[in-house]
Amino acid sequence: MKPDRSGKLLTLLRLYVAQSIPMSFFTTVLPVIMRQQHYSLEAIGLMQLVKLPWIIKFLWAPYIDRTGSSTGGYKKWIYFSEAFYALSIASIAFFRPEEHILAVIVLMIIAITASATQDIATDAWAILTLSKEERSLGNSMQSMGSFVGSLVGSGVLLIVYHRFGWSFLLFSLALVVLFALLPLI
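Small disclaimer: the values here were computed from a predicted structure and weren't measured.

(A) View of the packing of aromatic side chains. Counting across every chain of the model gives eight aromatic pairs. Ring geometry for F164 and F168: centres 4.9 Å apart, planes at 40°, overall tilted. Classification of F164 by relative accessible area gives exposed; the value is 54%. The partly exposed category is assigned to F168, whose relative accessible area is 44%.

Structure below.
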């Protein structure tokens, strides 16, 4: 693989991992925490609604495409949405779910909206950056990033939560999201 090609693919992999880890945490680990705190199964089931921004991201994708429209424009959207994603995640650290579940949910929805926006911009950036021959590898990076993010977000983060607690976990998660931007620079 050429260095330029591998750099683009590793950047994509990191961006897709960064968007998947928190999503997996919010939709897999948080329900486990809620169950330990004796929330009802209905409340836990309704937590899956935080994925709604990913389902309806088609509503603001045309705006991102109109204002992005170049690799530089999409990179700006990636930077902005990823930084906002990290800030939203870090904000959640100040609210314990057993005391402020509504605040946690609202901030999760904001964070997941930023994640969905980052995905729109990342997909467009990939299309503009990758050659036709590289796109299948780019798609592989997307799939691999999603699965690695799910593995870390649901398995590893449950262990981190158990050992280090809520605030440490969320601040660490915010840093992971920010570090994903480094290769894009």
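(B) Here's a closer look at the layout of surface pockets. Volume-wise, the largest pocket comes out at about 200 Å³. Residue assignment for the lining of the largest pocket shows that the elements contributing at least two residues are α1 (3-36) and α7 (135-164). Here the lining of the largest pocket gets five residues from one element, more than from any other, and that element is α1. Across the lining of the largest pocket, the residue classes break down as three nonpolar, seven polar and one charged.

(C) View of the environment of L107. Tracing the backbone shows L107 in helix α6 (residues 101-129). By relative accessible area, which is 17% here, L107 ends up buried. Counting along the chain gives 19 residues from L107 to S88, while the straight-line C-alpha distance between them is 6.1 Å. Beyond its immediate sequence surroundings of up to four residues, L107 is in contact with S88, S91, I92 and F95.

(D) Spatial organisation of the pattern of salt bridges. Throughout the structure, instances matching the rule amount to five salt bridges. The shortest N-O distance in the salt bridge between K8 and D4 comes to 3.8 Å. Here K8 pairs with D4, and both are found in helix α1, just four residues apart, close to one helical turn. Take K8: its relative accessible area is 12%, and that puts it in the buried class. Between R5 and E134 there is a salt bridge whose closest N-O contact spans 3.5 Å. One end of the pair, R5, is in helix α1; the other, E134, is in the loop between α6 and α7, and 129 residues separate them in sequence. On the basis of relative accessible area, R5 is assigned to the partly exposed category, the value being 23%. Here the salt bridges do not stand alone but share partners, grouping D4, R5, K8 and E134 into one network.

(E) Inspection of α7 at higher detail. Maximum bend of α7: about 35°, positioned at L157. Backbone geometry just downstream of α7 places G165 in the positive-phi region, at approximately 95°.

(F) Structural view of the nonpolar core. Counting residues in each nonpolar core, the largest one holds 56 residues, and the members touching the most others are F25, F26, I89, W166 and L170. Contributions of two or more residues to this core are made by α1, α4 (61-68), α5 (71-92), α6, α7 and α8 (166-179). Of the residues forming this core, the biggest block, 15 residues, is contributed by α1. Each residue touching F25, except ones within four places of it in the same chain, is listed here: L30, G153, L157, W166, L169, L170 and L173.

(G) Looking closely at unusual backbone geometry. Phi at H38 takes a positive value of approximately 65°, unusual for a residue other than glycine. At S69, a residue that is not glycine, the phi angle is positive and equals roughly 50°. Its place among the elements puts S69 in the loop between α4 and α5.

(H) Quick peek at the side chain of S24. As for its position among the elements, S24 is in helix α1. A relative accessible area of 6% places S24 in the buried class. S24 has contacts with V29, G149, S150, G153 and S154, leaving out every residue within four places of it along the chain.

Parameters at a glance
Residues numbered from 1 in each chain as written. Predicted model: local features only at pLDDT ≥ 70, side-chain atom pairs only at ≥ 80, totals over all residues. Heavy atoms only, no water. Phe/Tyr/Trp six-rings, centres within 6.5 Å; stacked < 30°, edge-to-face > 60°. Buried < 20%, exposed > 50% of the residue type's maximum accessible area, 1.4 Å probe, protein only. 1 Å grid on protein atoms, 1.4 Å probe; cavity = no way out; pocket = protein on both sides within 12 Å on 5 of 7 lines; lining within 4 Å. Points joined across faces, edges and corners; volume = space filled by probe spheres on them. Helix = DSSP H or I, 4+ residues; strand = E, 2+ residues; numbered from the N terminus. Nonpolar A, V, L, I, M, F, W, Y, C, P; charged D, E, K, R; others polar. Contact = heavy atoms within 4.5 Å. Salt bridge = Lys/Arg side-chain N within 4 Å of Asp/Glu carboxyl O. Bend = angle between axes of the 7 residues up to and from the residue. Core = buried A, V, L, I, M, F, W, Y, C linked by side-chain atoms within 4.5 Å.

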